[in-house]
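Observations on the model geometry
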Amino acid sequence: MIPFGLCVLLALQAVNAPPMVNRQLIADAEKGDAEAQVKLGRAYAEGLGVPIDHGKAVVLYRRAADQGHPLGQYLLGWSYLGGEGVDKSDMEGFRWIRKAAEQGSGEAQVSLAAIYAEGNFGLDEDHRLAFQWSHRAASLGFVAGALQIARVYEDGEVLPRDYVLAYAWRSLGGALRVRAVGTADEDDLGELAQKMTK
């Protein structure tokens, strides 16, 4: 399995960095624009143009999340899981991340797959659900989802070992990475190709 931290990092790389704070962004957020609320919240969380203030970030994420904004839900979930700007609550964090995943947030789907795969935050491991969420994320073009599926087929612990499918999914993950960041991964498919011929 792909380590949990790497899945989260790959998912977060797909989220565009928030813009620097300007009057228009603040005005839009105050008027209730969910996208502006998420961007301003991220600015507060990361100290971009404003002092870091996780409490303000959480207030903005919640406003966006309550409007059904998937990225707002996802970031609010991670705020709860990390206890940043809000009391730590694994149950509440998981609930918000799952909401975002169910609405089609690939970032949330990758995170949810990793949470299920490793049994984090008080949940039991559930490799079937981890595989399903990885597949959904991969279908949206998320590298980590495709690589997680490749690992499942290569390991043969959750599903029957299938090196051909592992190779196909790892190749897809490489292609998605090139599309997303413009460079190929250093991952060597040669060893996996040799396993396919045995």
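First things first, this report covers the structure right here in the doc.

Thresholds applied
- Residues numbered from 1 in each chain as written.
- Predicted model: local features only at pLDDT ≥ 70, side-chain atom pairs only at ≥ 80, totals over all residues.
- Heavy atoms only, no water.
- Helix = DSSP H or I, 4+ residues; strand = E, 2+ residues; numbered from the N terminus.
- Buried < 20%, exposed > 50% of the residue type's maximum accessible area, 1.4 Å probe, protein only.
- Contact = heavy atoms within 4.5 Å.
- Areas by Shrake-Rupley, 256 points an atom, 1.4 Å probe, with all protein chains shown as cover.
- Core = buried A, V, L, I, M, F, W, Y, C linked by side-chain atoms within 4.5 Å.
- Axes fitted to C-alpha atoms, helices over the stretch in contact; angles between N-to-C directions.
- Parallel < 35°, antiparallel > 145°, perpendicular 65-115°, else oblique.
- Left-handed = near helix turned anticlockwise from the far one by under 90°.
- Expected span 1.5 Å × (residues − 1).
- Phe/Tyr/Trp six-rings, centres within 6.5 Å; stacked < 30°, edge-to-face > 60°.

Turning our attention to the overall build of the chain. Of regular secondary structure, the chain possesses 11 helices and zero strands. If you list the helices and strands of the chain from N to C, you get α-α-α-α-α-α-α-α-α-α-α. Buried residues in the chain amount to 43% of all 198 residues. Excluding contacts between residues fewer than 6 apart, the proportion of contacts in the chain whose partners are at least 24 apart in sequence is 49%. With an accessible surface of roughly 10100 Å², the chain has 52% of that area assigned to carbon and sulfur atoms.

Attention shifts here to the environment of Ser-111. Tracing the sequence through the fold places Ser-111 in helix H7 (residues 106-118). As for Ser-111 and Gly-145, which are separated by 34 residues in sequence, their C-alpha atoms are 9.4 Å apart.

This part takes up the nonpolar core. Tyr-74, Leu-76, Ile-97, Leu-112, Tyr-116 and Trp-133 are the most contacted members of the largest nonpolar core, which totals 37 residues. Elements that contribute at least two residues to this core include exactly helix H2 (23-30), helix H3 (34-46), helix H4 (54-66), helix H5 (70-82), helix H6 (90-102), H7 and helix H8 (127-139). Ranked by size, the runner-up nonpolar core spans 12 residues in total, among them Phe-131, Leu-147, Ile-149 and Tyr-153.

A separate point is the packing of H7 against H8. Between two packed helices, the angle of one axis relative to the other and the distance separating the axes together describe the packing. Taken N-terminus to C-terminus, the directions of H7 and H8 make an angle of 160°; their axes are 8 Å apart at the nearest point. Between H7 and H8, the crossing angle belongs to the class labelled roughly antiparallel. Viewed along their axes, H7 and H8 form a crossing whose handedness is left-handed. Note on element contacts: H8 touches H7 through His-127, Leu-129, Ala-130, Trp-133, Ser-134, Arg-136 and Ala-137, opposite Gly-106, Gln-109, Val-110, Leu-112, Ala-113, Tyr-116 and Ala-117.

This part takes up unusual backbone geometry. Of note, the phi angle at Phe-121 is positive, near 55°, even though the residue is not glycine. Structurally, Phe-121 can be placed in the loop between H7 and H8.

End to end, H5 covers 18 Å across 13 residues, agreeing with the expected 18 Å (1.5 Å per residue, within 8%). Most of H5 sits inside the fold, with 11 of its 13 residues counted as buried. Immediately downstream of H5, the backbone of Gly-83 shows phi near 65°, a positive value.

Summarising the element assignment, Ala-45 is placed in helix H3. The spacing of Ala-45 and Val-58 is 13 residues in sequence and 8.4 Å in space, taken between C-alpha atoms. Other than its neighbours up to four places away in sequence, Ala-45 contacts Ile-52, His-54, Ala-57 and Tyr-61.

This part takes up the packing of aromatic side chains. In total, this model carries three aromatic pairs according to the counting rule given. Plain terms: the ring middles of Phe-94 and Tyr-116 are 5.8 Å apart, the flat faces sit at 85° to each other, and that makes the pair edge-to-face. Highlighted residues: Phe-94 in helix H6 and Tyr-116 in helix H7, separated in sequence by 22 residues. Exposure remark for Phe-94: the relative accessible area of 15% places this residue in the buried category. Judged by its relative accessible area of 8%, Tyr-116 is buried.

The values reported here are purely geometric and, on their own, carry no functional implication.
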